[in-house]
Amino acid sequence: MPSAQHPSAPPSDQKFWDEALETQSRAEWNALKLRLLQQHLAHAYQHSAYYQSSFDAAGVHPDQVRCLDDIRRFPFIDKQVLRERQLAVPPFGDLLAVPERDIVYISASSGSTGVPTASPFTAQDFDQWIDYEARQFWSSGLRPEDRYCHSLNFSLFVGGPCVLGAQRLGALSIHAGTVPSERLLAIIRQFQATAIWTTPSYAWYLGETAVKEGIDIRRELNIKRIFVAGEPGGSIPETRQRIEALWGASIYDYYGLSDIFGSCAGMCEEKHGLHWAEDHILVEVLDPESGAPVAEGERGELVLTTLKKVARPMIRFRTGDIVSFTSDPCACGRTSQRMLGVHGRLDDMLIIKGVNVFPSDIEAIARRDHDFSGEYKLIVERDHHLDVLTVEVERAAAYAGADAELAARFARQLQSVTGVSAKVLILPAETLPRATHKAKRVEDRRTGVWG
Ligand SMILES: [Zn+2]
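Residues numbered from 1 in each chain as written. Predicted model: local features only at pLDDT ≥ 70, side-chain atom pairs only at ≥ 80, totals over all residues.

Colleague: Sorry if this is basic, but what is going on with the overall build of the protein chain here?
Modeller: The secondary structure content of the protein chain amounts to twelve helices and 19 strands. Relative to its length of 451 residues, the protein chain is compact, with a C-alpha radius of gyration of 23 Å against a globular reference of 22 Å. Each principal axis of the C-alpha distribution contributes one length, and for the protein chain these read about 70 × 55 × 40 Å. A buried classification covers 43% of the 451 residues belonging to the protein chain. Excluding contacts between residues fewer than 6 apart, the proportion of contacts in the protein chain whose partners are at least 24 apart in sequence is 67%. (Helix = DSSP H or I, 4+ residues; strand = E, 2+ residues; numbered from the N terminus. Rg over C-alpha atoms; globule rule 2.2 N^0.38 Å. Buried ≥ 20, exposed ≤ 12 C-beta atoms within 10 Å, placed from the backbone. Contact = placed C-beta atoms within 7 Å.)

Colleague: I'm lost on the packing of helix α10 (residues 237-247) against helix α11 (residues 359-368) in this one. Help?
Modeller: Describing two packed helices takes the angle between their axes plus the distance from one axis to the other. Contact geometry for α10 and α11: axes closest at 7 Å, N-to-C directions at 40°. In terms of their interaxial angle, α10 and α11 are classed as oblique. Handedness of the α10/α11 crossing: left-handed. The segment α10 lies against α11, with Glu238, Thr239 and Arg242 engaging Glu363, Ala364, Arg367 and Arg368. (Axes fitted to C-alpha atoms, helices over the stretch in contact; angles between N-to-C directions. Parallel < 35°, antiparallel > 145°, perpendicular 65-115°, else oblique. Left-handed = near helix turned anticlockwise from the far one by under 90°.)

Colleague: Please clarify how the environment of Ser173 should be interpreted in this entry.
Modeller: Among the secondary structure elements, Ser173 is positioned in strand β4 (residues 172-175). For the pair Ser173 and Arg26, spaced 147 residues apart in sequence, the C-alpha separation works out to 34 Å. Those residues within four positions of Ser173 in sequence are excluded, and the remaining contacts are Tyr148, His150, Val163, Ala166 and Gln167.

Colleague: What's the story with the sheet that holds strand β11 (residues 300-306) in this structure? I'm lost.
Modeller: One open sheet holds the eleven strands; their spatial order is β4-β3-β5-β6-β7-β8-β9-β13-β12-β11-β10, and the pairing between them is mixed. Looking at which strands have only one partner, the edges of the open sheet turn out to be β4 and β10 (281-286). On average, each strand axis in the sheet is inclined to that of its neighbour by 35°, with strand direction left out of account. Here strand β5 (residues 195-198) pairs with strand β6 (residues 225-228) via four bridges, running parallel. (Pairing = 2+ DSSP bridges.)

Colleague: Help me understand unusual backbone geometry, please; the structure alone is not making it clear to me.
Modeller: Negative phi is the rule for most residues except glycine; trans is the rule for most peptide bonds. Of note, the bond from Pro90 into Pro91 is cis; its omega dihedral lies within 30 degrees of zero at 0°. Mapped onto the fold, Pro91 is located in the loop between α4 (79-88) and β1 (103-108). At Gln192, a residue that is not glycine, the phi angle is positive and equals roughly 50°. Locating Gln192 in the fold gives a position in the loop between α7 (181-190) and β5.

Colleague: It is not clear to me how the domain arrangement of the protein chain should be interpreted in this structure. Could you clarify?
Modeller: Where interface size is quoted, it is often the accessible area lost as the parts come together. Taken as a whole, the protein chain is organised into domain 1 (22-345) and domain 2 (350-444). Domain 1 and domain 2 are separated by 30 Å when their C-alpha centres are compared. Domain 1 puts 14 residues into the contact, and the matching count from domain 2 is 14 residues. At the level of secondary structure, the elements contributing two or more residues to the side of domain 1 that touches domain 2 comprise α8 (200-212), α10 and β13 (338-345). Broken down by class, the residue content of the side of domain 1 that touches domain 2 amounts to four nonpolar, seven polar and three charged. (Domains from an automatic or database assignment. Nonpolar A, V, L, I, M, F, W, Y, C, P; charged D, E, K, R; others polar.)

Colleague: Looking at this structure, I do not really get the pairing of β5. What am I missing?
Modeller: One face of the sheet, then the other: side chains in a regular strand alternate in exactly this way. Where burial is concerned, the two faces of β5 agree: the one with Ala195 and Trp197 and the one with Ile196 and Thr198 are both buried. The pairing of strand β3 (residues 147-150) with β5 spans three bridges and is parallel. Across the sheet, Cys149 pairs through a bridge with Ile196, a residue of β5.

Colleague: I tried to follow the nonpolar core on my own but got confused; where do I start?
Modeller: For soluble globular proteins, the rule of thumb is that nonpolar side chains tend to be buried together. Formed by 88 residues in total, the largest nonpolar core has its most connected members in Ile223, Ile226 and Cys264. The dominant element in this core, judged by the number of residues it contributes, is helix α5 (residues 123-139), at seven residues. Other than its neighbours up to four places away in sequence, Ile223 contacts Ile188, Ala193, Thr194, Ala195, Ile196, Trp247 and Ala249. (Core = buried A, V, L, I, M, F, W, Y, C linked by C-beta atoms within 7 Å.)

Colleague: Before we go on, may I ask you to explain the sheet that holds strand β17 (residues 386-395) in this structure?
Modeller: Strands in a sheet are paired, the pairing made by backbone hydrogen bonds, and the direction either parallel or antiparallel. Taken together, four strands build an open sheet; the order of strands is β18-β17-β16-β19 and the sheet is mixed. Of all strands in the sheet, those bounded by a partner on one side alone are β18 (423-427) and β19 (442-444). Neighbour-to-neighbour, the strand axes of this sheet turn through a mean angle of 15°, independent of strand direction. Across nine bridges, the pairing between strand β16 (residues 372-383) and β17 is antiparallel. By the bridge assignment, Glu381 is partnered in β17 with Val388. Sheet strands in contact with helix α12 (residues 403-418) are β17 and β18, and its direction is about 135° off that of β18.

Colleague: Whenever I open this one, α8 confuses me. Can you help?
Modeller: Owing to its 3.6 residues per turn, the α-helix brings residues three or four apart onto one side. Along its 13 residues, α8 runs 18 Å from first to last C-alpha, staying within 8% of the 18 Å computed at 1.5 Å per residue. Listed in full, the buried residues belonging to α8 are Pro200, Ser201, Tyr202, Ala203, Trp204, Leu206, Gly207 and Ala210. On its buried side, α8 packs onto α7, β5, α9 (217-220), β6 and α10. Just past α8, the residue Gly214 takes up positive phi, approximately 80°. (Expected span 1.5 Å × (residues − 1).)

Colleague: Would you explain α7 in this entry?
Modeller: By the burial criterion, the buried members of α7 are Leu184, Leu185 and Ile188. Taken end-on, α7 shows its buried residues confined to a sector of 100°, consistent with a single buried face. More than 90 degrees from the buried face of α7, the exposed residues found are Glu182, Arg183 and Gln190. Residues of α7 that are buried sit in contact with β3, β5 and α8. The positive-phi residue at the C-terminal boundary of α7 is Gln192, with phi of around 50°. (Arc of directions from axis to C-beta.)

Below, the structure is given as structure tokens:
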């Protein structure tokens, strides 16, 4: 039963959900991943028409895989491939590697461009996923004594069923979904929820709404943990600290992808990087241009290969997310590799005067300095073939100094962090629109290379 508490859920004072797995040596991780990869590639080749033809066309065969680096001989896939194959062989595409009767659940991507792609799960895929979510929640300190309020969308969204991970762990699980903020605050207050999952922007907005409604967050509410995903903010220390201060709670950043599963990396209680589900996913971080692996700590594109999901194996999926990672031991005792946050999406990366700039770099500046409210907007234009970056940033309600001084300070910090100069416009507090889901903070008005 996917929703039942795991029969072997450990006692609450135990640090690990599965200690032998979570603390094994790096050599043991690599041996486990190699064994899973060999099986998974063989399954994909035997049962998916797409993979059979794409491996054949590339002249590679699963039998040739002797070490983890051999994955680099296999072809990439991306969102475009998923869309094309789904259109060619509806409704699930020919990356599918099981009979349709074995599929019990699908999620679909929000599909900001084009048709959403479906992500199918067998009963076994679903069950293993939920078990992993329980393990991840446990690593973030959630326990059976908690009251967990899940306020993510349930409509085809892969984040929805993650609530079952908290339920399997044994926490009292409140399936709130996405309801108006006043209603959500009422639910949190009535049931004295101790944990909640939402986006970073919404956590901030919800906290500000509570303050406006006259709710004394620390006295009347009982939130101790906030799980966030879907935006870089959860891994930007300055953003995290401001939301934590607002709520008097700890923020844990999680990372998931509709085309893989809900959350496949998350912060432990040390909150330094997100531990990967390394027994479910083989992670590569590659230079987006050359495809060569980048060194630890360097930024590169995240490329993921599933190791267990049999319904639709994902072999070398280019996520478009720019991340960095570390294999250094974590103080929590877990030995899995950690992602040091998502710096942005390749699509979000702005090239300004030839310099790569991520909105997350600018967000860190806006949130570090308490003379700013933390809200900001970027506008990029082209004037006589030259890029012009304008940053609109709100001053804090309590700031009583001169706007010119504030603008100069912001511009100086921005130049030193990104190497780019910008016009900075200081706006009164509460001017910029507040996000209720994913924040839209960039307006690129440039048209074409010479526009
Ligand atoms: Zn850790």
